[in-house]
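Below, each chain spelled out in residue letters.
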Amino acid sequence: GISSLLKMFAYSIVDPRAFIVYENCQGSLGNMLYDIYEEDRDEEVEEDDKLYMIKFKPLYSELKKSPCFLRTMVYQIAQALDLLAKNKIVHSDIKT
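Let me begin by describing the structure that accompanies this report.

Here is what the cut-offs are and how they apply
- Residues numbered from 1 in each chain as written.
- Predicted model: local features only at pLDDT ≥ 70, side-chain atom pairs only at ≥ 80, totals over all residues.
- Heavy atoms only, no water.
- Helix = DSSP H or I, 4+ residues; strand = E, 2+ residues; numbered from the N terminus.
- Buried < 20%, exposed > 50% of the residue type's maximum accessible area, 1.4 Å probe, protein only.
- Contact = heavy atoms within 4.5 Å.
- Axes fitted to C-alpha atoms, helices over the stretch in contact; angles between N-to-C directions.
- Parallel < 35°, antiparallel > 145°, perpendicular 65-115°, else oblique.
- Nonpolar A, V, L, I, M, F, W, Y, C, P; charged D, E, K, R; others polar.
- Phe/Tyr/Trp six-rings, centres within 6.5 Å; stacked < 30°, edge-to-face > 60°.
- Expected span 1.5 Å × (residues − 1).
- Patch = residues over 30% accessible without salt bridge, like charges linked within 9 Å, V, L, I, M, F, W, Y side chains within 5 Å.
- Areas by Shrake-Rupley, 256 points an atom, 1.4 Å probe, with all protein chains shown as cover.
- Salt bridge = Lys/Arg side-chain N within 4 Å of Asp/Glu carboxyl O.
- Pairing = 2+ DSSP bridges.

1. Examining the overall build of the protein chain
Within the protein chain, the secondary structure is distributed over three helices and four strands. Taken from the N to the C terminus, the helices and strands of the protein chain come in the order β-β-α-β-β-α-α. Residue burial in the protein chain is summarised as follows: out of 96 residues, 6% are buried. For the protein chain, contacts bridging at least 24 residues in sequence account for 23% of all contacts bridging at least 6.

Here's what the structure looks like:
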């Protein structure tokens, strides 16, 4: 419910930018699913290009092998978005 939302402490508008100060979240869904590491470039890679290695975490494997678990997680995210909309709360970091 609403008690799970992060609290906004302050805001400031310095035209043309707005700044919001809110409590820190303990992590993100992306951080719970995988880590990304920059790899050393080899000779075949352009100097400006970067290589990254993705290391998947246990939650990622669980979501892949269990459609029921994935469905539950997606449903909970939808419920959270619905709660925000019903209370006219804007989320500061929704990704597609």
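The structure having been displayed, the exposition proceeds.
2. Thoughts on the packing of helix α2 (residues 58–65) against helix α3 (residues 67–86)
Running from N to C, α2 and α3 cross one another at 110°; their axes reach a closest spacing of 5 Å. The angle between the axes of α2 and α3 places the two elements in the roughly perpendicular class. Facing α2, whose interface residues are L59, E62, L63 and K65, α3 presents P67, F69, L70 and M73. Partitioned by chemical class, the residues of the contact of α2 with α3 number six nonpolar, no polar and two charged.

3. Observations concerning the packing of aromatic side chains
Geometry of an aromatic ring pair is reported as the spacing of the ring centres plus the angle between the planes. Evaluated as defined, the whole model comprises one aromatic pair. Pairing F56 with Y60 gives two aromatic rings, centres 3.9 Å apart and planes at 20°, and the pair type is stacked. Under the relative-accessibility criterion, F56 is labelled partly exposed at 43%. Here Y60 falls in the partly exposed class, since its relative accessible area comes to 26%.

4. So, α3
The end-to-end C-alpha separation of α3 is 28 Å, in line with the 28 Å expected for 20 residues at 1.5 Å each. At the exit of α3 stands K88, carrying a positive phi of roughly 55°.

5. A word on a nonpolar patch on the surface
Together, L6, M8, Y11, I13, I20 and Y22 give the surface a local cluster of nonpolar side chains, amounting to about 670 Å² of exposed area. Taken together, the elements giving at least two residues each to the nonpolar patch come down to β1 (8–14) and β2 (17–22). Here the nonpolar patch gets three residues from one element, more than from any other, and that element is β1. On the secondary structure map, M8 appears in strand β1.

6. A closer look at the pairing of β2
Pairing of β1 with β2, which is carried by six bridges, proceeds in the antiparallel orientation. If you follow Y11 over to β2, its bridge partner there is I20. With antiparallel pairing between neighbouring strands as the criterion, β1 and β2 make up a hairpin whose turn holds two residues.

7. Things to note about unusual backbone geometry
Residue P16 follows D15 across a cis peptide bond; omega there is 10°. Checked against the element boundaries, P16 lands in the loop between β1 and β2.

Nothing here speaks to function; it is geometry throughout.
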